[in-house]
Amino acid sequence: MTVHVRQENGVEIVELRGSLDGKTAPEVRGQLQPVLSRAEKLILDMSGVDYLSSAGLRLLLLTYREVTARKGKVALLGVSKDIQMVMSHTGFLGFFTLADSKEQAANAVA
């Protein structure tokens, strides 16, 4: 799993690549911590995520809660249909705004 963080126009963008599972979720959480402590507008680019386990779902939920606790907004970009299905079955889709393009994601967190 690789994590790339950048900021554009006051929006934190985190690109995730690989599998988000029990092994990688704690590592990703550690890498996200500095971003989560300041993010008010967060886009998680998941177009490179090929697998999401329950540990990955938990990470997404913790991320959502931390950002929204400060009245921030979170959007997920490029979530595959398979992962959307998993998120739908577990009720997680209701928490997140999904976007198919960077512009949609930026508008969602604006």
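Heads up: the structure comes first, above all this text.
Note that the coordinates shown come from a computational prediction; the quantities given were computed from them, not determined experimentally.

S.K.: Let's hear about the overall build of the protein chain: which residues, and what values?
M.R.: Scanning the protein chain from N- to C-terminus turns up four helices and five strands. In sequence order, the protein chain lays out its α and β elements as β-β-α-β-α-β-α-β-α. In the protein chain, which comprises 110 residues, the share counted as buried stands at 41%. Intrachain contacts of the protein chain at a sequence separation of at least 6 include 67% that bridge at least 24 residues. Here the protein chain has roughly 5800 Å² of accessible surface; of this, 50% comes from carbon and sulfur atoms. The protein chain carries 13 positive and 12 negative side-chain charges, and their two centres are separated by 7 Å.

S.K.: Could you give an account of the pattern of salt bridges, naming the residues involved and the relevant values?
M.R.: Under the counting rule described, the total for this entry stands at six salt bridges. Here Lys102 ties to Glu8 by a salt bridge, and the two come within 2.9 Å at their closest N and O atoms. Pair noted here: Lys102 is in helix α4 (residues 102-109) and Glu8 is in strand β1 (residues 2-8), with a separation of 94 residues, a long-range link.

S.K.: Outline helix α2 (residues 54-68), supporting the account with residue identities and numerical values.
M.R.: Taking 1.5 Å of rise per residue, the 15 residues of α2 would be expected to cover 21 Å, and the 21 Å separating its terminal C-alpha atoms lies within 8% of that figure. Check the buried side of α2 and you find it contacts β2 (11-20), α1 (25-36), β3 (41-52), β4 (73-77) and α3 (81-90). One side-chain oxygen of the residue at the start of α2 lies 3.2 Å from the amide nitrogen of Ala55, identifying that residue as Ser53.

S.K.: Got a sec to walk through the packing of aromatic side chains? Specific residues and values, please.
M.R.: Scanning all chains against the criterion turns up three aromatic pairs. A centroid spacing of 5.4 Å and a plane angle of 65° characterise the contact between Tyr64 and Phe96, whose relative ring orientation is edge-to-face. Taken as a pair, Tyr64 in helix α2 and Phe96 in the loop between α3 and β5 (97-99) lie far apart in primary sequence, 32 residues in all. Feature note: the residues Tyr64, Phe92, Phe95 and Phe96 constitute an aromatic cluster, connected by ring pairs.

S.K.: Explain the pairing of β4 residue by residue, including any values.
M.R.: The buried count for β4 comes to four of five residues, which makes it a mostly enclosed element. Both β3 and β4 contribute to a ladder of five bridges, which runs parallel. In the sheet register, Lys41 faces β4, and the bridge partner there is Lys73. As a crossover connection, the stretch from β3 through α2 into β4 is right-handed.

S.K.: An account of the sheet that holds β2 is needed here, citing residue identities and associated values.
M.R.: In any sheet, the strands associate via hydrogen bonds between backbone groups, in a parallel or an antiparallel arrangement. Taken in spatial order, the five strands make up an open sheet running β1-β2-β3-β4-β5, and their pairing is mixed. If you trace the sheet from one side to the other, it starts and ends with β1 and β5, each paired once. The sheet shows a mean angle of 25° between the axes of neighbouring strands, taken without regard to direction. Both β4 and β5 contribute to a ladder of three bridges, which runs parallel. Bridged to Leu77 within β5 is Ala99. Here α4 sits on the sheet in contact with β1, β2, β3, β4 and β5, set at roughly 165° to β4.

Reading the values: rules and limits
- Residues numbered from 1 in each chain as written.
- Predicted model: local features only at pLDDT ≥ 70, side-chain atom pairs only at ≥ 80, totals over all residues.
- Heavy atoms only, no water.
- Helix = DSSP H or I, 4+ residues; strand = E, 2+ residues; numbered from the N terminus.
- Buried < 20%, exposed > 50% of the residue type's maximum accessible area, 1.4 Å probe, protein only.
- Contact = heavy atoms within 4.5 Å.
- Areas by Shrake-Rupley, 256 points an atom, 1.4 Å probe, with all protein chains shown as cover.
- Lys, Arg positive; Asp, Glu negative; His and termini not counted.
- Charge placed at Lys NZ, Arg CZ, Asp CG, Glu CD.
- Salt bridge = Lys/Arg side-chain N within 4 Å of Asp/Glu carboxyl O.
- Expected span 1.5 Å × (residues − 1).
- Polar contact = N/O pair within 3.5 Å; in protein donor to acceptor, adjacent residues only side chain to side chain.
- Phe/Tyr/Trp six-rings, centres within 6.5 Å; stacked < 30°, edge-to-face > 60°.
- Pairing = 2+ DSSP bridges.
- Right-handed = clockwise from strand over helix to strand, strands pointing away.
- Axes fitted to C-alpha atoms, helices over the stretch in contact; angles between N-to-C directions.

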